[in-house]
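Fold and geometry: a report
Single-letter residue listing:
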Amino acid sequence: MTDLKPHTPEWFNALDRVNPQQAAMTRQAIAAAGRDDGCSVCGDDRATDDKLVVKI
């Protein structure tokens, strides 16, 4: 399995096959935001906390 970088042509090709409605909504969100490095849902700045580590 290969990790795809969000919003790249390869990422959209994969998403178009699996969930074309989400791909279309993502295209609209990033077009409205005027940038492609934001949230796929709302276009806002992406979270910087990609990983949550909890020590027990």
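Anything mentioned here points back to the structure above.
Residues numbered from 1 in each chain as written. Predicted model: local features only at pLDDT ≥ 70, side-chain atom pairs only at ≥ 80, totals over all residues. Heavy atoms only, no water.

Secondary structure summary: the protein chain contains 2 helices and 0 strands in total. Taking the contacts inside the protein chain whose residues are at least 6 apart along the sequence as the reference set, 14% of them involve residues at least 24 apart. When the accessible area of the protein chain is evaluated, it comes to approximately 4,900 Å², of which 54% is carbon and sulfur surface. (Helix = DSSP H or I, 4+ residues; strand = E, 2+ residues; numbered from the N terminus. Contact = heavy atoms within 4.5 Å. Areas by Shrake-Rupley, 256 points an atom, 1.4 Å probe, with all protein chains shown as cover.)

A separate point is the packing of aromatic side chains. For any pair of aromatic rings, the description rests on two quantities: the centre-to-centre distance and the angle between the ring planes. Using the criterion set out here, one finds 1 aromatic pair in the structure. Aromatic pair Trp 11 and Phe 12: ring centres 5.0 Å apart, planes at 85 degrees, arrangement edge-to-face. Taking the relative accessible area as the measure of exposure, Trp 11 reaches 16% and is therefore buried. (Phe/Tyr/Trp six-rings, centres within 6.5 Å; stacked < 30°, edge-to-face > 60°. Buried < 20%, exposed > 50% of the residue type's maximum accessible area, 1.4 Å probe, protein only.)

Now for the nonpolar core. Among the nonpolar cores identified, the biggest contains 5 residues, and these are Trp 11, Phe 12, Leu 15, Ala 23 and Ile 30. Of all the secondary structure elements, the ones that give two or more residues to this core are helix H1 (9-18) and helix H2 (20-33). Among the elements that line this core, the one with the most residues is H1, at 3 residues. Setting aside its immediate chain neighbours within four residues, Ala 23 contacts Phe 12, Leu 15 and Asp 16. (Core = buried A, V, L, I, M, F, W, Y, C linked by side-chain atoms within 4.5 Å.)

With respect to the helices and strands, the residue Cys 39 is situated in the segment after H2. For the pair formed by Cys 39 and His 7, sequence separation is 32 residues and the distance between their alpha carbons is 9.9 Å.

In this section: the pattern of salt bridges. Scanning the entire structure with this criterion turns up 2 salt bridges. The salt bridge partner of Arg 27 is Asp 16, with a shortest N-O separation of 2.9 Å. Pair noted here: Arg 27 is in helix H2 and Asp 16 is in helix H1, with a separation of 11 residues, a long-range link. The closest approach of N and O atoms between Asp 37 and Arg 35, which form a salt bridge, is 2.6 Å. Residue Asp 37 is classed as partly exposed on the basis of its relative accessible area, which comes to 42%. (Salt bridge = Lys/Arg side-chain N within 4 Å of Asp/Glu carboxyl O.)

So, about the packing of H1 against H2. Interaxial distance between H1 and H2 falls to 5 Å at its minimum, and their mutual angle equals 135 degrees. The pairing of H1 with H2 is recorded here as oblique in orientation. Along the contact surface, H1 presents Trp 11, Phe 12, Leu 15, Asp 16 and Val 18, while H2 presents Pro 20, Gln 22, Ala 23, Thr 26, Arg 27 and Ile 30. Taken together, the residues that form the contact of H1 with H2 break down as 7 nonpolar, 2 polar and 2 charged. (Axes fitted to C-alpha atoms, helices over the stretch in contact; angles between N-to-C directions. Parallel < 35°, antiparallel > 145°, perpendicular 65-115°, else oblique. Nonpolar A, V, L, I, M, F, W, Y, C, P; charged D, E, K, R; others polar.)

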